[in-house]
Amino acid sequence: MSSSDFDLYRLSEEHDLLRESVRSLAETKIAPHAAEVDEESRFPQEARDALTANDLHAVHVPEAYGGAGADAISTVIVIEEIARVCASSSLIPAVNKLGSLPVELSGSEELKRKYLGPLAKGDAMFSYCLSEPDAGSDAAGMKTRAVRDGDSWVLNGVKRWITNAGISEFYTVMAVTDPEKRSKGISAFVVEKDDPGLSFGAPEKKLGIKGSPTREVYFDNVRIPADRMIGEEGTGFATAMRTLDHTRVTIAAQALGIAQGALDYARGYVQERKQFGKPIGDFQGVQFMLADMAMKLEAARQLTYAAAARSERVSGGATKEDLTFFGAAAKCYASDVAMEITTDAVQLLGGYGYTRDYPVERMMRDAKITQIYEGTNQVQRIVMARNLP
Ligand SMILES: Cc1cc2nc3c(=O)[nH]c(=O)nc-3n(C[C@H](O)[C@H](O)[C@H](O)COP(=O)(O)OP(=O)(O)OC[C@H]3O[C@@H](n4cnc5c(N)ncnc54)[C@H](O)[C@@H]3O)c2cc1C
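Reference entry: report on the structure contained in this document. (Residues numbered from 1 in each chain as written. Predicted model: local features only at pLDDT ≥ 70, side-chain atom pairs only at ≥ 80, totals over all residues. Heavy atoms only, no water.)

**Quick word on the overall build of the chain**
Phase 1: Secondary structure assignment for the chain yields 12 helices and 10 strands.
Phase 2: Taken over C-alpha atoms, the radius of gyration comes to 21 Å for the chain, in line with the 21 Å a tight globule of 389 residues would show.
Phase 3: Once the C-alpha set of the chain is aligned to its principal axes, its extents read approximately 80 × 55 × 40 Å.
Phase 4: Sorting the 389 residues of the chain into buried and exposed places 54% on the buried side.
Phase 5: In the chain, of all internal contacts separated by at least 6 residues, the share reaching a separation of at least 24 is 75%.
Phase 6: Counting every atom, the chain has about 17,100 Å² of accessible surface; 51% of that belongs to carbon and sulfur.
Phase 7: Here the chain contributes 45 positive and 55 negative side-chain charges, whose respective centroids are spaced 4 Å apart. (Helix = DSSP H or I, 4+ residues; strand = E, 2+ residues; numbered from the N terminus. Rg over C-alpha atoms; globule rule 2.2 N^0.38 Å. Buried < 20%, exposed > 50% of the residue type's maximum accessible area, 1.4 Å probe, protein only. Contact = heavy atoms within 4.5 Å. Areas by Shrake-Rupley, 256 points an atom, 1.4 Å probe, with all protein chains shown as cover. Lys, Arg positive; Asp, Glu negative; His and termini not counted. Charge placed at Lys NZ, Arg CZ, Asp CG, Glu CD.)

**A word on the packing of helix H3 (residues 45–53) against helix H5 (residues 87–106)**
Phase 1: One can describe the packing of H3 onto H5 by two numbers: an axis separation of 9 Å at closest approach and a directional angle of 45 degrees. When the axes of H3 and H5 are compared, the pair comes out oblique. As for how H3 packs across H5, the hand of that crossing is right-handed. Mapping the contact onto sequence places Ala47, Arg48 and Leu51 in H3 and Ser89, Ile92 and Pro93 in H5.
Phase 2: Counted by class, the contact of H3 with H5 contains 4 nonpolar, 1 polar and 1 charged residues. (Axes fitted to C-alpha atoms, helices over the stretch in contact; angles between N-to-C directions. Parallel < 35°, antiparallel > 145°, perpendicular 65-115°, else oblique. Left-handed = near helix turned anticlockwise from the far one by under 90°. Nonpolar A, V, L, I, M, F, W, Y, C, P; charged D, E, K, R; others polar.)

**A few points about the packing of aromatic side chains**
Phase 1: A full pass over the atoms with the stated rule returns 10 aromatic pairs.
Phase 2: With centroids separated by 6.4 Å and ring planes inclined at 75 degrees, the aromatic side chains of Tyr115 and Phe126 adopt a geometry described as edge-to-face. You can see Tyr115 sitting in helix H6 (residues 109–121) and its partner Phe126 sitting in strand E1 (residues 126–129), a full 11 residues away along the chain. Across this residue pair, the class does not change: Tyr115 and Phe126 are buried.
Phase 3: Ring centres of Phe325 and Phe326 lie 5.7 Å apart, and the angle between their planes is 75 degrees; this geometry places the pair in the edge-to-face category.
Phase 4: Grouping aromatic residues by their ring pairs yields a cluster made of Tyr265, Tyr269, Tyr352 and Tyr358.
Phase 5: Above the ring of Phe326, the side-chain terminus of Arg310 is found at 3.7 Å from the ring centroid. (Phe/Tyr/Trp six-rings, centres within 6.5 Å; stacked < 30°, edge-to-face > 60°. Lys NZ or Arg CZ within 6 Å of the ring centre and 35° of its normal.)

**With respect to helix H11 (residues 360–370)**
Phase 1: Counting buried positions over the 11 residues of H11 gives 8, a clear majority of the element.
Phase 2: Within the sequence span of H11, burial applies to Val360, Glu361, Arg362, Met363, Arg365, Asp366, Ala367 and Thr370.

**A closer look at the nonpolar core**
Phase 1: By size, the foremost hydrophobic cluster in this structure holds 56 residues, and its most contacted members are Leu290, Met293, Ile341, Leu348 and Val360.
Phase 2: Put simply, the parts of the chain that give this core at least two residues each are helix H4 (72–85), H5, helix H7 (236–272), helix H8 (284–315), helix H9 (323–348), H11 and helix H12 (377–386).
Phase 3: With sequence-adjacent residues up to four places away left out, Val360 is seen in contact with Ala262, Tyr265, Ala345, Val346, Leu349 and Gly353.
Phase 4: The next biggest cluster of nonpolar side chains, apart from the first, holds 28 residues, and it includes Leu116, Tyr128, Ala139 and Ile230. (Core = buried A, V, L, I, M, F, W, Y, C linked by side-chain atoms within 4.5 Å.)

**Topic: a negative patch on the surface**
Phase 1: Taken together, the side chains of Glu13, Glu14, Asp16 and Glu20 make up a negatively charged region of the molecular surface.
Phase 2: A relative accessible area of 56% places Glu20 in the exposed class. (Patch = residues over 30% accessible without salt bridge, like charges linked within 9 Å, V, L, I, M, F, W, Y side chains within 5 Å. Salt bridge = Lys/Arg side-chain N within 4 Å of Asp/Glu carboxyl O.)

**So, the packing of H7 against H11**
Phase 1: For the pair H7 and H11, interaxial distance at closest approach is 10 Å and the crossing angle is 160 degrees. Put simply, H7 runs roughly antiparallel to H11. Considering the relative orientation of H7 and H11, their crossing is left-handed. Between H7 and H11, the residues in contact are Ile251, Gln254, Ala255, Ile258, Gly261, Ala262 and Tyr265 and Val360, Met363, Asp366, Ala367 and Thr370, respectively.

Put into structure tokens, the structure is as follows:
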């Protein structure tokens with residue numbers, strides 16, 4: 001065994017330094033607004049500004065298109081550290097990756113230049129439009145139609161639950177181009193916010209990630225040039241699924257960050273809070289809870305980094321490997337663990353944990369979404385079962 005074999009299971013010094021700098025930025029510029037963003041259900045503009053100023057809003061964009069060209073593990077670290085203080089804000093880099101990855105994976109050189117450049121600069125955000133009111137877990141059952149008309153495609157339909165809709169300039173939209181072929185009759189397109197016929201619903205009133213706007217997107221005879229199709233006709237669903245293989249790793253990262261934030265808070269609290277004449281952290285019953293929380297979090301983190309390493313290798317042109325399994329496993333496990341850890345953090349704060357005066361109830365509400373989006377955890381188990389390593 002060479003010494004580099006042992007390095008496999010620890011991050012590089014560069015990754016550690018990146019974590020340190022993102023943590024410091026998150027604590028100074030994002031954390032102070034997190035409670036208010038949640039309370040007022042408002043977009044975390046301060047976070048967007050701070051992330052853009054520090055080139056952290058879409059770190060995955062390759063250098064060739066003006067981006068930071070961060071590897072998949074670096075992208076995970078950025079999302080993790082932002083989510084540790086504000087889950088809503090972590091959806092800025094996460095959904096910028098989700099929305100633009102179809103272009104990066106399958107788009108023409110022309111599309112990449114046109115859309116990834118403004119994203120990298122921070123002039124535009126990107127959303128991902130797959131789900132519909134009647135097509136969630138069964139995404140291939142979508143109804144939104146794209147019909148060819150000369151040199152254009154004309155889109156009609158409704159997308160639902162679209163993160164950052166109304167704020168993003170660019171939308172990757174999956175639509176049916178051949179209804180006979182089900183998933184093989186779905187194509188992907190880039191739609192711009194200003195395209196005539198595009199409009200947005202009111203923000204959903206949600207349990208958590210309240211600072212992240214979620215809206216319906218309406219397509220009423222939206223006419224776009226034919227060269228806005230991403231990849232070949234009929235490949236849109238495959239592109240959408242390949243995208244999720246990579247971005248489920250970023251949802252795992254979000255879950256890790258939320259859980260770490262809750263664990264860190266609870267750990268500090270039990271040293272301060274006294275009952276029976278001593279800090280509650282002196283009781284073994286409390287210590288065992290913290291030990292279990294830290295153990296599960298570290299196991300989830302290792303699985304997430306293992307998945308990120310596969311995501312990186314696949315992006316680098318390697319074959320698909322077992323990314324589909326690892327992406328689903330990391331998302332499913334990390335989100336289940338985040339739900340447990342945040343719930344236990346509320347428990348460790350007792351009655352105080354149940355109030356909005358402390359951040360752990362927000363973290364518990366925010367953790368819940370990670371078990372639902374980018375495919376529910378039941379769907380992840382279906383994906384894993386079909387792709388056992
Ligand atoms: C806040 C938020 C943000 C989102 N952002 C986006 C976005 O940006 N873009 C986007 O395209 N979508 C987005 N989504 C949609 C999200 O991915 C879907 O909500 C999710 O995939 C589940 O679909 P559904 O809500 O229709 O639930 P359903 O599919 O109706 O599922 C309901 C329940 O049935 C279970 N179930 C369904 N089928 C099976 C099965 N075969 N076996 C076992 N159990 C099953 C599910 O696990 C779930 O528990 C977002 C959702 C939310 C809430």
